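# Fold and contact review
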Amino acid sequence: MRIAVLASGNGSNLQAIIDAIGEGALTGVVLALVLSDKPGCRALERAVEAGVATGVFELLTTPTSGVRAERDRAMIERLRAEQIDLVVLAGYMQILSAEFVQAFAGRLINVHPSLLPRFPGLDAIGQALDAGVAETGVTVHYVDEGVDTGPVIAQESLPIEPGDTADTLAERVHAIEHRLLPSVIVEIAAGRLTGH
Ligand code: GRF
């Protein structure tokens, strides 16, 4: 199964996938491509360090829907040219066009740092802290045309401790993400999940 990762920032989830492949834990998975909207981001550096092909698809003008659709069409072409079977959003901070989502329906997943449907969108960890809930977690889900709304594949919860800050909580959330996302990719590669 040939996968592509889309990322905009640090890329620690990308690194978890690279490491899992390096350890032989992602049987049958080839990380063929890393795409980003942010030239020079750490995720792209991690891809280059791992010898993975990269591509940058910026929004060069004001992101009207037409400009976004054109950019996403170019990404679809690149992903098809590389014969990508599964697209993994890992900290990709752009909304994808409906055409992109439809092109990869059932083959497009995202990792989100909350127990969806609670706390979709930006700063989910901060949202959970502000809400004063006793637990939060991580969700891996198929992507549909909404923001963090697609069918859930896997979730893992963790308690919020008294005195937790955004940093201490984020550290524990990320540790879960780095296990959960590769484990879902293995399941999909093994054919134990068939899309939605
Ligand atoms: C993660 O918390 C992920 O759940 C969210 O964005 C963050 C990306 O972190 N979608 P990284 O770039 O993988 O380090």
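What counts and what doesn't
- Residues numbered from 1 in each chain as written.
- Predicted model: local features only at pLDDT ≥ 70, side-chain atom pairs only at ≥ 80, totals over all residues.
- Heavy atoms only, no water.
- Pairing = 2+ DSSP bridges.
- Helix = DSSP H or I, 4+ residues; strand = E, 2+ residues; numbered from the N terminus.
- Axes fitted to C-alpha atoms, helices over the stretch in contact; angles between N-to-C directions.
- Buried < 20%, exposed > 50% of the residue type's maximum accessible area, 1.4 Å probe, protein only.
- Polar contact = N/O pair within 3.5 Å; in protein donor to acceptor, adjacent residues only side chain to side chain.
- Contact = heavy atoms within 4.5 Å.
- Right-handed = clockwise from strand over helix to strand, strands pointing away.
- Salt bridge = Lys/Arg side-chain N within 4 Å of Asp/Glu carboxyl O.
- Parallel < 35°, antiparallel > 145°, perpendicular 65-115°, else oblique.
- Left-handed = near helix turned anticlockwise from the far one by under 90°.

### As for the sheet that holds strand 6 (residues 135-142)
Here we have 7 strands laid out as an open sheet, ordered 3-2-1-4-5-6-7, and mixed in their pairing. Of all strands in the sheet, those bounded by a partner on one side alone are strand 3 (53-56) and strand 7 (152-159). Averaged over all pairs of adjacent strands, the angle between their axes in this sheet comes to 20 degrees, without regard to strand direction. Note that strand 2 (residues 30-36) and strand 3 share 4 bridges and pair parallel.

### A closer look at the side chain of S8
Along the polypeptide, S8 turns up in the loop between strand 1 (2-6) and helix 1 (12-22). The class of S8 is buried, set by a relative accessible area of 9%. At a separation of 2.7 Å, a polar atom in the side chain of S8 contacts the side chain of D37. Ignoring any residue separated from it by four or fewer positions in sequence, one finds S8 in contact with S36, D37, K38, C41, G91, Y92 and M93.

### Details of the pairing of strand 2
Among the 7 residues that make up strand 2, 6 are buried, leaving the element largely enclosed by the rest of the structure. As paired strands, strand 1 and strand 2 are joined by 5 bridges and run parallel to one another. Among the inter-strand pairings, I3 is bridged to a residue of strand 2, identified as L31. Following the chain from strand 1 across helix 1 to the adjacent parallel strand 2, one finds a crossover that is right-handed.

### Focus on the pattern of salt bridges
On inspection of all chains with the given rule, the structure shows 10 salt bridges. E99 is paired through a salt bridge with R73; the nearest N and O atoms lie 3.0 Å apart. Here E99, found in helix 4 (residues 98-103), pairs with R73, found in helix 3 (residues 65-81); they are 26 residues apart in sequence, far enough to count as distant. By relative accessible area, R73 is classed as partly exposed at 39%. Put simply, R78 and E82 hold a salt bridge, and the shortest N to O gap is 3.3 Å. Judged by its relative accessible area of 25%, R78 is partly exposed. One connected set of salt bridges, linked through shared partners, spans R2, R78 and E82.

### Observations concerning the packing of helix 1 against helix 6 (residues 166-189)
The contact between helix 1 and helix 6 brings their axes to 9 Å, and the two run at 55 degrees. One element, helix 1, and the other, helix 6, form an angle in the oblique class. Regarding helix 1 and helix 6, the two cross each other, and that crossing is right-handed. Where helix 1 approaches helix 6, its residues S12, N13, A16, I17 and A20 are matched on the opposing element by E177, H178, L181, P182 and I185.

Treat this as a map of the structure, not an account of what it does.
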